[in-house]
Amino acid sequence: MEVLVAGGIGYIGSHTCVKMIESGMQPIIVDSLLNAKVEVLSRIEALTGKKPIFYQGDIRDEIFLDMVFRSHKIQSVLHFAGLKSVSESVLEPLRYYDNNVNGSLVLIRSMRKAGVKSIVFSSSAVVYGHSDVMPVTESFLTGMTTNPYACTKYIVERCLTDLFASESDWSITLLRYFNPVGAHPSGVIGEDPKGIPSNLMPIITQVAIGRREYLSVFGNDYPTPDGTGIRDYIHIMDLVEGHVVALESISGKSGLRVYNLGTGKGFSVFEMIEIFNQVCGVRIPYQICQRRLGDIAECWANPEKAKHDLGWTAKRSMIEIMEDTWRWQLKNPDGY
């Protein structure tokens, strides 16, 4: 199966491509390299023994996308291409709407012209916004978003939902992630954000390795047991296995499907710091800062629907998350 992987050199995309190749699929990677490094290609080849097919380009370039679709017998699309920082989206909302929403519409339009009507969209738990009830199920109301990044994910979901309502021969799968963390157990590929990371784990390991002086904890006055935000952290390898299962079981079958990909358990920022201290033997200095705009107090998943429909569950523990993340950082102290 040939699958176009938009954003395939990024953190989630690269790990997914490794798993796809191991499962006998052929990823056709499209990436602008805006938030990724071409070095990842050689790492994927080192892990799989196969050199990925790669096109450098932007999903907002319709002529470029049309060329890629003409050049291959693509059967489905994995759409990871998007900007993803909550705080950055608050400062640069138009950039986020242009890249994430406009880029998705151009990609879908190019797919339609090529007769490729199967897409798995990289969505997020942020579409649920703030909820007083935990854990979150797929039936919860969406759209009550708290920042522009979340809005872009919700809008793309709505565009795909409306598309299916008008053209029911599409196969559309919306995968709502809950906080991907960790790295490939080999330490060969992992998360290497450009600039200041917006996610917790890369900052923890960069502090541990000496690249940063301390961890900023954004708020300790949330209505949670220790005052810090609670999130559902899922190992990247569990997450990508969910994508491969979705491709193998439902890709190409008409329908609109929505799944949470999470563990069903939440950890606070302070809990994550303490677990890292214990597992990796490195103390993480931190400072309490003001809350970030757009952040919410807590969010974790009810993943039962994915288990029932796809036979998928998150298997890896928080200890494995910490060990694999730290192994990646030790082997790659400066990233790729």
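Residues numbered from 1 in each chain as written. Predicted model: local features only at pLDDT ≥ 70, side-chain atom pairs only at ≥ 80, totals over all residues. Heavy atoms only, no water.

As annotated in an unreviewed UniProt entry, the protein chain is UDP-glucose 4-epimerase from Candidatus Photodesmus blepharonis. Note on the protein chain: under the UniProt heading Cofactor (unreviewed entry), the record states "NAD(+)". (UniProt positions renumbered as here; feature names shortened; annotations may be inferred.)

### What about the packing of helix H3 (residues 62-71) against helix H5 (residues 93-114)?
Relative orientation of the contacting elements H3 and H5 amounts to 40°, with a least axis distance of 9 Å. By the angle between their directions, the pair H3 and H5 is classed as oblique. Between H3 and H5 lies a crossing of right-handed hand. Here Glu62, Leu65, Asp66 and Phe69 of H3 lie close against H5, whose contacting residues are Val106, Leu107, Arg109, Ser110, Met111, Lys113 and Ala114. Residue classes in the contact of H3 with H5 are distributed as six nonpolar, one polar and four charged. (Axes fitted to C-alpha atoms, helices over the stretch in contact; angles between N-to-C directions. Helix = DSSP H or I, 4+ residues; strand = E, 2+ residues; numbered from the N terminus. Parallel < 35°, antiparallel > 145°, perpendicular 65-115°, else oblique. Left-handed = near helix turned anticlockwise from the far one by under 90°. Contact = heavy atoms within 4.5 Å. Nonpolar A, V, L, I, M, F, W, Y, C, P; charged D, E, K, R; others polar.)

### A word on the pairing of strand S3 (residues 53-56)
Pairing geometry for strand S2 (residues 26-31) and S3, over four bridges, is parallel. Bridge pairing links Ile29 to Phe54 in S3. In this view, the connection linking S2 to its parallel neighbour S3 by way of helix H2 (residues 39-48) has right-handed handedness. (Pairing = 2+ DSSP bridges. Right-handed = clockwise from strand over helix to strand, strands pointing away.)

### Considering unusual backbone geometry
Residue Met134 is joined to Pro135 through a cis peptide bond whose omega torsion reads 0°. You can see Pro135 is positioned in the loop between strand S5 (118-124) and helix H6 (148-166). The residue Leu33 is not glycine, and still its phi comes out positive at about 65°. Position of Leu33 among the secondary structure elements: in the loop between S2 and H2.

### A closer look at the environment of Ala36
Positionally, Ala36 belongs in the loop between S2 and H2. Linking Ala36 and Met237, residues 201 residues apart in sequence, is a C-alpha distance of 19 Å. Residues within four places of Ala36 in sequence aside, it is in contact with Ile9, Gly10, Asp31 and Lys194.

### Regarding the sheet that holds strand S12 (residues 267-268)
Judged by pairing direction, the sheet is mixed, and its three strands sit side by side in the order S12-S9-S14 without closing on themselves. Because the sheet does not close on itself, it has two edges, and the strands there are S12 and strand S14 (298-299).

### Thoughts on empty space enclosed by the protein
Within the structure shown, the criterion is met by two cavities of 30 Å³ or more. Computed from the structure, the largest cavity encloses a volume of approximately 50 Å³. Lining of the largest cavity is provided by Gly182, Ala183, Glu191, Met201, Pro202, Thr205, Thr325, Trp328 and Gln329. Listing elements by their share of the lining of the largest cavity, those giving two or more residues are helix H7 (200-209) and helix H11 (318-331). Taken together, the residues of the lining of the largest cavity break down into four nonpolar, four polar and one charged. Taken as a whole, the second largest cavity encloses approximately 40 Å³ of empty space. Listed by contribution, the elements that provide at least two residues to the lining of the second largest cavity are H5 and H6. Class assignment of the residues belonging to the lining of the second largest cavity gives a composition of three nonpolar, four polar and one charged. (1 Å grid on protein atoms, 1.4 Å probe; cavity = no way out; pocket = protein on both sides within 12 Å on 5 of 7 lines; lining within 4 Å. Points joined across faces, edges and corners; volume = space filled by probe spheres on them.)

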